[in-house]
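# Fold and geometry: a report
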Amino acid sequence: MDFLLHTGGSLDFQTLTLNIKGEETKCRSHFGRPFVARIVVSQTTVIPAGHEAIVPGRVSTEISEVTGPVLIEPIEGGGELEVKGLILARALVNSESETFPIRVLNPFDREQKVQEGVTTATISVVDVESMNADSSHVKAAEIPEHLEDLFSRCKENVDPKYHKDVEKCLIDFKDVFSTSSDDIGQTDIIKHIIVVIQPATRKK
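Keep in mind that what you see is a predicted model, and the values were worked out from it rather than measured. (Residues numbered from 1 in each chain as written. Predicted model: local features only at pLDDT ≥ 70, side-chain atom pairs only at ≥ 80, totals over all residues. Heavy atoms only, no water.)

### Some points on the overall build of the chain
Note the cut-off: Think of it this way: any DSSP run of H or I at least four residues long counts as a helix, any run of E at least two long counts as a strand, and we number them from the N terminus. Exposure is judged per residue with a 1.4 Å probe applied to protein chains only, and the accessible area is read against the type maximum: over 50% gives exposed, under 20% gives buried, and values in between give partly exposed. Working rule for contacts: check all heavy atoms of both residues, and any pair within 4.5 Å makes them a contact. Per-residue accessibility takes into account occlusion by the displayed protein chains alone, with areas from the Shrake-Rupley method and a 1.4 Å probe.
Summing up its helical and strand segments, the chain has five helices and 12 strands in all. The proportion of buried residues among the 204 residues of the chain is 26%. For the chain, the share of sequence-separated contacts (at least 6 apart) that also reach a separation of at least 24 residues comes to 62%. Of the roughly 15,300 Å² of accessible surface on the chain, a fraction of 52% belongs to carbon and sulfur atoms.

What follows is the structure, given as structure tokens:
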């Protein structure tokens, strides 16, 4: 933080604000989101081999000024969880919760222990409205043209409540279906001979 000395700046750890020549900037997480606080483990938890567990956590500072959802993310570098090879999942939670659920996966064939007091994650403010706006611009997947006829015929004999499942199946496996008679192809790699034996004549 030597740059603060040359610029006459200051960093307020209570409000997480950087002040340089009267201009204030809110600190952000390494993911670029407004930083709020760090989360530490509030209860030592043993995670069984090959399982995911919900580890209870608490914030290290007061966040009463924050309302609405916040995003839990791994700390930069992964911290102690990274050292142990454990994987922390991002999660959207309510900022007013007293205990924050930390989803941790143990991919190993032996149990792992997460100690109380270990810093595991950060929480950042999330703009849910902008997230919803962004998702509204995402175009839903459509049935490929060469499968439209097949989809129409499938719907005739399938209960309407399964139509979405059929549509998803066709979209997910669209590459399996031939688009025309020209892309089926032929091969001469494998050859075989069918030997036909004349049946013996029987007396009546």
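### Topic: the packing of helix 4 (residues 148–156) against helix 5 (residues 163–172)
Here is the rule: An axis is simply a line fitted to the C-alpha atoms; with a helix, the fit covers only the stretch in contact. Between two such axes, the angle follows the N-to-C directions and lies from 0 to 180 degrees. Orientation is classified from the angle alone, with under 35 degrees giving roughly parallel, over 145 giving roughly antiparallel, 65 to 115 giving roughly perpendicular, and any other angle giving oblique. The crossing is said to be left-handed when, going from far helix to near helix, the turn is anticlockwise and less than a right angle, and right-handed when the turn is clockwise.
Viewed as axis vectors pointing N to C, helix 4 and helix 5 meet at an angle of 150°, and their least axial separation amounts to 10 Å. Judged by the inter-axis angle, helix 4 sits roughly antiparallel to helix 5. Here helix 4 runs over helix 5; the crossing is right-handed. Of helix 5, the residues touching helix 4 (which contributes Leu 150, Phe 151, Cys 154 and Lys 155) are His 163, Val 166, Glu 167 and Leu 170.

### Some details on the packing of aromatic side chains
As a reminder of what qualifies: Here a pair means two rings of Phe, Tyr or Trp (six-membered ring of Trp) with centres within 6.5 Å. Their orientation is stacked below 30 degrees between planes, edge-to-face above 60, and tilted elsewhere. Ring-over charges, as used throughout, are those where CZ of Arg or NZ of Lys falls within 6 Å of the ring centre and within 35 degrees of the ring normal.
Taken as a whole and judged by the stated rule, the model has zero aromatic pairs. Over the ring of Phe 108 we find Arg 110; its NZ or CZ atom is 4.9 Å from the centre of that ring.

### Overview of the nonpolar core
Test applied: Joining through side-chain atoms within 4.5 Å is the link that ties buried Ala, Val, Leu, Ile, Met, Phe, Trp, Tyr and Cys residues into a set, and such a set is a nonpolar core.
Counting 20 residues, the largest nonpolar core has Ile 39, Ile 47, Ile 72, Phe 100, Val 104 and Ile 123 as its most contacted members. Residues contacting Ile 72, with those up to four places away along its chain left out, are Ile 39, Leu 88, Ala 89, Arg 90, Ala 91, Val 93, Phe 100, Pro 101, Ala 121, Thr 122 and Ile 123. Formed by six residues, the second largest nonpolar core is a distinct cluster that contains Ile 143, Leu 147, Leu 170 and Ile 171.

### Regarding a nonpolar patch on the surface
Which entries qualify depends on this criterion: Within the patch definition used here, like charges are joined within 9 Å and nonpolar side chains (Val, Leu, Ile, Met, Phe, Trp, Tyr) within 5 Å, considering only residues with over 30% relative accessible area and no salt bridge. By definition here, a salt bridge exists when the distance from a side-chain nitrogen of Lys or Arg to a carboxyl oxygen of Asp or Glu is within 4 Å.
A cluster of nonpolar residues, Phe 173, Val 176 and Phe 177, forms a patch on the protein surface that exposes about 310 Å² of accessible area. Looking at the element boundaries, Val 176 is found in the segment after helix 5.

### Topic: the side chain of Glu 73
Selection criterion: Within 3.5 Å is the distance limit for a polar contact, defined as a pair of N or O atoms, with the added protein rule that one can donate a hydrogen and the other accept it, and that residues adjacent in sequence qualify only through two side-chain atoms.
Structurally, the position occupied by Glu 73 is in strand 7 (residues 69–74). For Glu 73, the side chain forms a polar contact with the side chain of Arg 90, separated by 3.4 Å.

### Some details on the pairing of strand 12 (residues 119–125)
Sheet faces and side chains relate simply in a regular strand, where the side chains alternate between the two faces. Formally: When DSSP finds at least two bridges between two strands, those strands are taken to pair.
By the criterion of burial, strand 12 is predominantly enclosed, with five of the seven residues buried. Relative to strand 12, strand 7 is paired through five bridges, and the arrangement is antiparallel. Counted as the bridge partner of Leu 71 is Ser 124 from strand 12.

### A few points about the confidence of the model for the chain
Just so we agree on the cut-off: pLDDT: the predictor's confidence for each residue, scored from 0 to 100.
In the predicted model, the chain carries a mean pLDDT of 77, and 70% of its residues have values of at least 70. In the predicted structure, residues 134–139 sits below a pLDDT of 50 and forms zero contacts with residues beyond four places in sequence or in another chain.

### Let's talk about the pattern of salt bridges
With the rule as written, the count across this model stands at six salt bridges. Between Glu 73 and Arg 90 there is a salt bridge; the shortest N-O distance is 3.4 Å. Taken together, the residues span a long stretch of sequence, with Glu 73 in strand 7 and Arg 90 in the loop between strand 8 (87–88) and strand 9 (91–94) at a distance of 17 residues. The class for Glu 73 is buried, based on a relative accessible area of 0%.

### Notes on helix 5
Note the threshold: Read the arc as the range of directions from the helix axis to the C-beta atoms.
When helix 5 is considered as a whole, its buried residues turn out to be His 163, Val 166, Glu 167, Leu 170 and Ile 171. Buried residues in helix 5, looked at end-on, bunch into an arc of 135°, giving them a common side. Exposed side chains of helix 5 directed beyond 90 degrees from the buried face belong to Lys 164 and Lys 168. Where helix 5 is buried, its residues meet helix 4.

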